[in-house]
Each structure stands twice: as structure tokens, then as C-alpha cells.
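# Geometric and topological summary
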Amino acid sequence: MNKYAKHLVSLVFLGLMTLPAQAGGAARISTKATGQDLQRPGTVTCYQTSMRENQAAAQATNATRRARGLPALKPNADLAAAAARHACDMARRGVMSHRGSNTRGPMQRLKKAGYRPSIAAENIAAGPFTQERVLREWVRSSGHLANILIPQVRHYGIGKAVGADGRTVYWAAVYSAPR
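Along each chain, residue indices are assigned from 1 in the same order as the chain's sequence is written. Totals for whole chains, interfaces and linings use all residues, but because this is a predicted model, local features are given only for residues with pLDDT of at least 70 and pairs of side-chain atoms are given and counted only at 80 or more. Each side-chain value is worked out from all heavy atoms of the structure, with water and hydrogens disregarded.

## Things to note about the overall build of the protein chain
- In this text, helices come from DSSP runs of H or I with a minimum length of four residues, and strands from runs of E with a minimum of two, each type numbered from the N-terminal end. In terms of regular secondary structure, the protein chain is built from 6 helices and 9 strands.
- Relative accessibility under 20% of the residue-type maximum defines a buried residue, over 50% an exposed one, and the middle range a partly exposed one, all with a 1.4 Å probe and only protein chains included. Within the span of the protein chain, comprising 179 residues, buried residues form 51% of the whole.
- Whether two residues are in contact is decided by their heavy atoms: any pair within 4.5 Å suffices. For the protein chain, contacts bridging at least 24 residues in sequence account for 72% of all contacts bridging at least 6.
- We get accessible surface area from the Shrake-Rupley algorithm with a probe of 1.4 Å; when it comes to residues, only the shown protein chains can shield them. Carbon and sulfur atoms make up 52% of the accessible area of the protein chain, which totals about 8800 Å².

Right under this line is the structure:
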């Protein structure tokens, strides 16, 4: 990957919100196009989000919500597991997308994880980011911030994986509320 391409990778973020099905279908709002290729697929490092990482991410996210008068999100193991699996899937494919290899979006992934969502939103990112940095960048992005500030969501989970290049970290954060 050349120097210019590396810089572009550090600027790639996407957000998606899926609302409950209404009038025969699910409403979707995407802040950017999905399916951006970042690198060639290959051997990746996938992580299971620890409770500590998930709690730290929820705490940082809750500071943003609290400043706007919104209730705190609770870290949720099912959401963290779904986010981690999606981050791993994106890293394996070398593509940042809300669409998974076998799923259409976060609502479907949460259902597969055993969580019964009434609403689901997802922020994703890829680049050389620590958890603290990716959380700051999402707050600075209007589309990602909109997902963070959805009043109805109650639960939160974050996941990451490192791409085949050993430097690109794929992130997924899921915001949801149960039925």
C-alpha cells in the first residue's frame, strides 16, 4: 500500500441505523456508501471484546450522551460479541461494510447473537486507530454522532480486529434496545 493509500485508510468511517420494520420493510439510513475495499484479504487477528474494553467504550460514549441529556447505555455482551464478529468478518474480507458475509446489517447480526432488537445502529471504522481514538472520531462525525445519540437505544457493544497488514484495525460499534 502506498503512502497516499495509507492516509486514505486512516480517514474511512461509516455509520448505519436500522429501524424496526414498518409498512413491510426496514428503514435504513446510511451516512456513506458501503463496501469500500481497504486491503487484500488474508490472515487477520480477531479479538473477543473484554468486559473492561466494552465498559470503557460505553463510559466514553455515555459522556457524549449525558452532555446532551440522554440516558446512559449499558455494555452488553451479546452486542459486543456481534460487533467483534462483524469487525473480524470485515478484516477477513479486507472490506469495510455494514453488510456482512452472511448478514445484511446489524439487526440481523444481533438476532443471530440471541438478542431481540427493536432498533439497531452501527458505526464502523478502519485505520490505525486505538479504541480511544475511534470513539473520538465517531463523536466528531455527524453521521456517527447521530447513531450515538439515538434516544431509544439502551445497550452498547464494541468489537475490533486487525487486518492482514498487521496495522489496519477494523472497528464495529452496535447500539440497540431490546423488544
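## Observations regarding the side chain of Asn147
- Here Asn147 lies in helix α6 (residues 142-148).
- The class of Asn147 is buried, set by a relative accessible area of 4%.
- For Asn147, the side chain forms a polar contact with the side chain of Asn123, separated by 2.8 Å. Between N or O atoms, a polar contact is any pair within 3.5 Å; within protein, one atom must be a potential hydrogen donor and the other a potential acceptor, and residues adjacent in sequence are included only when both atoms are from side chains.

## With respect to the nonpolar core
- Counting 24 residues, the largest nonpolar core has Val134, Leu135, Trp138, Tyr156, Ile158, Trp171 and Tyr175 as its most contacted members.
- Looking at this core, the elements that each hand over two or more residues are α2 (51-66), β7 (117-127), α5 (131-140), α6, β8 (155-162) and β9 (169-178).
- If you tally residues by element for this core, the top one is β9, at 5 residues.
- Remark: nonpolar core denotes a set of buried residues (Ala, Val, Leu, Ile, Met, Phe, Trp, Tyr, Cys) joined through side-chain atoms within 4.5 Å. If you look at the next biggest cluster of nonpolar residues, it comprises 20 residues, including Ala91, Met96, Met107 and Tyr115.

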